[in-house]
Amino acid sequence: MNSIIEVRDLVKEYGDLVAVRGISFAVERGEIFGFLGPNGAGKTTTINILCTLLAPTSGSAVLDGCDVVKNRERVRESIGLVFQDPSLDDRLTARENLEFHAYAYRVPKDERSERIREVLEMVELLDRSKDRVETFSGGMKRRLEIARGLLHYPKVLFLDEPTIGLDPQTRNSIWSYIHDLKKRHDITIFLTTHYMDEAENCSRIAIIDYGEIIAMDTPEGLKGQVGGDVVKVTTEDDVEAERVLIEDFGVTMIQDRECLCFEVESGERFIPRFIRDFPVAVSSISLHRPTLDDVFLKLTGHEIRPEGADSKADVRAFLRGRRGPARR
């Protein structure tokens, strides 16, 4: 094992509220590690601790050999951050924003221009490099945020909902670049997302709910926990239908607010028998292979919901923490 992040028995309390409940996990060098969970699950709190924005109540977190409490500055030199909440200077041009970031992160002076050109081209903003950010659309600003986070080739890049608000083509472009950047520079990616298709990019995924990690595995390993094919049914009497499904068909129900949902082996063989023998009138029926949505629903009992933006105070706290002379 070659872990770049090691978390042990991490706890974060806010008075009577326990946001993180003694979680432990490790992230290997060079992997793409995903954190999935709904609002209030504790994943943003965990990331803020790893990024030195919050101090844990107890437990420990080590990033690239440095304790996140005892060696905050060394940790901050090793990470890049892309928050949901905008932190660009609208009064500066796109290039000026990146130049300031390169200076603050001590990117060697002779490499700055090429790196800035590279990331601007990646997010298709090279032709707008001299325009003030205040003239950019929301999507353009988001792309510039991502370019900035990648600029200094951090050892660990934290991405909080990295492609939220972007169109599918730009999302695919961003992910192609992230994979290429990781391969060429061995960067570790730690992300949160509510896009389940985006989570498929991860080497491993940790599902966190109510401050606890309830599952952690590869995407395929997690989907294997669902069991079989997933069948969704609507009927004229869902209460009676659920009783029959459990008692007579022996299926395991999966909680779903909109329909009756359950898993079976060999769904293509099950459905003809189901339609022939089921005593309750069926309005609709569908079959699909397990997805990460199914995994999340089964393990937590509810669907994942989009995250709200991070606090601007968190962003400012991190930027205030950048200290020390820049290397020219």
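These numbers come from a predicted model, not from an experiment.

Analysis parameters
Throughout this description, residue numbers start from 1 for each chain and increase along the sequence as written. Per-residue local features of the predicted model are confined to residues with pLDDT of at least 70, and side-chain atom pairs are confined, for both listing and counting, to 80 or more; whole-chain, interface and lining totals are unaffected and use all residues. Based on all heavy atoms of the structure, the side-chain values leave hydrogens and waters out of the count. Two strands pair if DSSP finds at least two bridges between them. Secondary structure follows DSSP: runs of H or I at least 4 residues long count as helices, runs of E at least 2 residues long count as strands, and numbering of each begins at the N terminus. Only protein chains enter the accessibility calculation, which uses a 1.4 Å probe. A residue is then buried if its area is under 20% of the maximum for its type, exposed if over 50%, and partly exposed in between. Here, two residues are considered to be in contact whenever any of their heavy atoms come within 4.5 Å of each other. Note on geometry: axes are C-alpha line fits, over the in-contact stretch for helices, and angles between N-to-C directions span 0 to 180 degrees. Joining through side-chain atoms within 4.5 Å is the link that ties buried Ala, Val, Leu, Ile, Met, Phe, Trp, Tyr and Cys residues into a set, and such a set is a nonpolar core. Between 65 and 115 degrees an angle is taken as roughly perpendicular, under 35 as roughly parallel, over 145 as roughly antiparallel, and anywhere else as oblique. Each crossing is labelled by how the near helix is turned from the far one, with a counterclockwise turn of less than a right angle marking it left-handed and a clockwise turn marking it right-handed. Side-chain classes follow a simple rule in which Ala, Val, Leu, Ile, Met, Phe, Trp, Tyr, Cys and Pro form the nonpolar group, Asp, Glu, Lys and Arg form the charged group, and the remainder, Gly included, forms the polar group.

The pairing of strand S1 (residues 3-14) with strand S2 (residues 17-28) spans 9 bridges and is antiparallel. When the sheet's bridge partners are listed, Leu 10 is paired in S2 with Ile 23. Counted between consecutive antiparallel strands, the loop separating S1 from S2 contains 2 residues, among which Gly 15 sits at a positive phi close to 65°.

Most of helix H1 (residues 43-50) is tucked away, with 8 of its 8 residues classed as buried. Every buried residue of H1 is listed here: Lys 43, Thr 44, Thr 45, Thr 46, Ile 47, Asn 48, Ile 49 and Leu 50.

Strand order in this open sheet of 4 strands is S2-S1-S4-S5, and the pairing throughout is antiparallel. Either end of the sheet is taken by a strand with one partner, and the two such strands are S2 and strand S5 (66-67). Contacting S1, S2 and strand S4 (58-63), H1 runs over the sheet at an angle of about 120° to S1.

All right, on to the nonpolar core then. With 48 residues, the main nonpolar core has Leu 144, Leu 150, Ile 189 and Ile 205 as its most contacted residues. Look past the residues within four positions of Leu 144 in its chain and what remains in contact with it is Leu 88, Ala 94, Leu 98, Leu 120, Leu 125, Val 133 and Phe 136.

Bringing the sheet that holds strand S14 (residues 282-288) into the picture now. Overall, antiparallel pairing links the 4 strands, which are arranged S12-S13-S11-S14 in an open sheet. Looking along the sheet, the strands with just one partner apiece sit at the ends: strand S12 (252-254) and S14. The mean angle between the axes of side-by-side strands here comes to 30°, regardless of whether they run parallel or antiparallel. Sheet topology places S12 next to strand S13 (residues 260-264); 3 bridges connect them, and they run antiparallel. Across the sheet, residue Ile 254 finds its bridge partner in S13, namely Cys 261. Across the sheet, helix H9 (residues 238-247) touches strand S11 (229-235), S12 and S13, and the angle it forms with S13 is around 15°.

Contact geometry for helix H3 (residues 94-104) and helix H4 (residues 109-122): axes closest at 10 Å, N-to-C directions at 130°. Compared by their axis directions, H3 and H4 come out oblique. At the point where H3 passes H4, the crossing takes the right-handed sense. Touching Ala 94, Arg 95, Leu 98, Glu 99, Ala 102 and Tyr 103 of H3 are Arg 112, Ile 116, Val 119 and Leu 120, all from H4. Its residues placed into classes, the contact of H3 with H4 shows 7 nonpolar, no polar and 3 charged.

Geometric values such as these leave the question of function open.
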